[in-house]
Structures are given as structure tokens and as C-alpha cells.
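Chain and residue survey
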Amino acid sequence: MASCDFFPDAGGIRPYRYRDGVLHLLDQRLLPTEEVWLEYRDCQGVAEAIRTMVVRGAPAIGIAAAFGAWFAARDIQAENFDGFWREFEQACATLAATRPTAVNLCWALERMKSLVRANALQPTVNLKIALEYEALAIAEEDLRINRALGRHGEPLLADGARILTHCNAGALATGGYGTALGVIRAAVSAGKQISVYADETRPWLQGARLTAWELQRDGIPVTLICDNMAGWLMAKGEIDGVIVGADRIAANGDTANKIGTYSVAVLAKEHGIPFYVAAPISTIDLTLADGSLIPIEERGEREVTHSGERRLAPEGVAVRNPAFDVTPARLISAIITEHGLARGDYRTRLAELVAKGR
Ligand code: MRU
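Residues numbered from 1 in each chain as written. Predicted model: local features only at pLDDT ≥ 70, side-chain atom pairs only at ≥ 80, totals over all residues. Heavy atoms only, no water.

For the rest of this paragraph, the subject is a nonpolar patch on the surface. On the surface, a cluster of nonpolar side chains totalling about 300 Å² of accessible area is made up of Val125, Ile129 and Tyr133. Among the secondary structure elements, isoleucine 129 is positioned in helix 5 (residues 124-153). (Patch = residues over 30% accessible without salt bridge, like charges linked within 9 Å, V, L, I, M, F, W, Y side chains within 5 Å. Areas by Shrake-Rupley, 256 points an atom, 1.4 Å probe, with all protein chains shown as cover. Salt bridge = Lys/Arg side-chain N within 4 Å of Asp/Glu carboxyl O. Helix = DSSP H or I, 4+ residues; strand = E, 2+ residues; numbered from the N terminus.)

Below you can see the structure in the form of C-alpha cells.
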């Protein structure tokens, strides 16, 4: 069994560590006031961690799911392939059902399943070893991908730019470094003065709790605003660009991301401000022709009616809580991936970029 500290030389913030067969997740529900690491050793535990958002952000949940699949494999007793496969597929289905919108979850599980299918003639003990290394590879690659994505995206940000971001598409949401925040980090590393406006991102407050925390830690100037303040700041000329992450990008470039992203994109269009999406190729879902086909997670009403333990809304009020929305491709100035930019004819360019990644 591999025994390693996760990304020992990567530096920076990471949402997890892996050591001696145990996955440690930084409990993102408690940030920024408490830094608590929870330990996971089985598939059910990891599924629960994803569902309850101990770990969140599209690439990070893909990585966690890969470890969940490896834990499931480790616990399977069956020694013949058919028995192993039946239980393994069932465990992957349990993991895949935890959060429906971020396609990276299914992408990572599909990669784990492909490995098993491709090695069907191997003894199960070998499959288990290979699955552990595959989970580690998925995690390590994500960090490299984010750095490449940062290199492609940073030329889009001018020295002195004031950039708005929504939700958290940073180190905490990925294998480290981040997608949208990775582009910002790359621009800062290139010597540019970049300052960030972080939307608080109701109802879960990923912007207030996570983006503000990780940018502060890195010494990148960050100003927190409520979601309903972005339009006014744009109107006053205080925002030069918007950059967000993505949970799933359809073949035509329509992009699902945290609820509120669509409103920001509409505002950016109105004010002539560029609106960029930064995401790895694993977030592109060419099987969906457009964004209307992306499944949108609806979460519990308590996230809307309460702040922590405190009720904010009257008992019995009707509540909607869609966790994501879809920004139409026509509102997106460019999609930044690890293999380069897509803009204009998204359908052709995204297909080319995905092909490059194969
Ligand atoms: O509900 P969450 O916190 O998992 O939503 C996260 C987002 O919407 C992120 O912007 C997206 O996953 C990209 S993370 C690099």
C-alpha cells in the first residue's frame, strides 16, 4: 500500500492529505474559524463527506470520490472479477449520487472504473493496488492542471486589475492552487498587482468563508462584498473583470457554476466587463449539447432559512434552494483550460481542447 504525504513539495493550501491509507479532509464547513481535519477510511464515509460538503468544489469532490472508490475496492472480499466488479460498480454509484451537478465526480469515478475494466484479467489484489495509485494520480494531476490553467489564463488579467469572483474556485475546491483563483495566483506570481472582490455567495457563503480566507493567507488583496453589491461596483467602474470556476460545461459552452454566477454574467455584459470561466477539461461534458440538460442540485431549505443555528425566516415559509445556475455561452468572454483558451465558436473549440486532453 502506498504511504505518502499528499503533495509534500506543493506548498500552499490543500483540502486534503493522504497518509498510510487514510484520507484526511479539511472540514470546509468550519472554516474560517476552525481548522479541523477529519479522517476517512471507507467509501460510505467519503460519500457522506461529499454530500454534507466537508469537501466541495468540482475537482475536489472528484478527487475525494476517487479515494472513496479505492476504499470500496480495498474492502471488497470477492476474489473473482465478476463479484469484485458488481460491488465496485455499486460503490461508485453510491459516490456518484452524492452531488449531481459537478461532472468531475462522475469523470473521476469513470476513470477508476475504466482502470478496473481494462485490467479484468488481473487478480483483484493487483486491481486494488492499481486503484490506490490511480486515486493518487488523479489528485496529483489536478494540481499540475491548475498551474497550467493559470499560465494560460494570467495574460488575460492586466496589471492593476480589480477582479470579481463568485463562490470558491480556489485551492480548497481543487487539488491545490485553484482554477479561477489559480489564474489570479498566476497573475500575481507574474508580478502583477491584482486585487479581488469576493462575492459572499449566499447561502453557503463559500466566498465569505473560503475565498476570503485563502486569498488572505496568500497575501492577495481581497475585499468581501454581499452578492447584491456587484452591480453597483461595476456601474461605478470598480471592477475590471470577472473570473469564476465551473461545475459542468456543456458542448456549446453553457456553464453551470454556483448559484448567482448567471446574475454576475448578465451584469458583466451590461457593463462591458469581460467574464471568464476557468475549468479543467474534466469539467467539460461533451455528451450534453447545451446547458438546459445539466442537472441542477437542489439543497435543503435550512441553508436559506438559517444562519448557523439561528432562524432568519418565518417558520413554514416556502423556500427554493437551487445550488447552481447555468450561464449561457454568449455571456462568456473565454473559457480557460489547461490546454488553452476557448472563445467564439465554443462547440468546435471545446471539442478540440477535449481531444487534446485524451
Ligand atoms: O457547492 P460547491 O461549493 O461545491 O460549489 C462550488 C462551485 O460552484 C465552484 O465554483 C466550482 O465547483 C468550481 S471549483 C474549482
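A word on the site of the ligand. Inspection of the region around the ligand gives 18 residues, with Arg99, Gln206, Asp247, Asn257 and Lys258 positioned closest. Arginine 99 is positioned such that a nitrogen or oxygen atom in its side chain is 2.8 Å from an oxygen atom of the ligand. For the ligand, whose unbound accessible area comes to 410 Å², protein coverage reaches 99%. Across the shell around the ligand, the residue classes break down as eight nonpolar, six polar and four charged. Each of domain 1 (16-147) and domain 2 (150-356) accounts for three or more of the residues forming the shell around the ligand. (Near = heavy atom within 4 Å. Polar contact = N/O pair within 3.5 Å; in protein donor to acceptor, adjacent residues only side chain to side chain. Nonpolar A, V, L, I, M, F, W, Y, C, P; charged D, E, K, R; others polar. Domains from an automatic or database assignment.)

To continue, consider the packing of aromatic side chains. Enumeration according to the criterion identifies five aromatic pairs in this entry. With a centroid separation of 4.7 Å and an interplanar angle of 40°, the aromatic rings of tyrosine 18 and phenylalanine 67 are classed as tilted. In this pair, tyrosine 18 sits in strand 1 (residues 16-19) while phenylalanine 67 sits in helix 2 (residues 58-75), placing the two residues 49 residues apart along the sequence. With relative accessibility at 0%, the residue phenylalanine 67 sits in the buried group. A ring pair is formed by tryptophan 70 and phenylalanine 71, whose centres lie 6.4 Å apart and whose planes are at 45°; its orientation type is tilted. The exposure class of tryptophan 70 is buried, given its relative accessible area of 4%. Grouping aromatic residues by their ring pairs yields a cluster made of Phe81, Phe84, Trp85 and Phe88. Lying across the ring of tryptophan 204, arginine 209 places its NZ or CZ 4.4 Å from the centre. Between lysine 258 and the ring centre of phenylalanine 324, over which it is positioned, the NZ or CZ distance is 4.2 Å. (Phe/Tyr/Trp six-rings, centres within 6.5 Å; stacked < 30°, edge-to-face > 60°. Buried < 20%, exposed > 50% of the residue type's maximum accessible area, 1.4 Å probe, protein only. Lys NZ or Arg CZ within 6 Å of the ring centre and 35° of its normal.)

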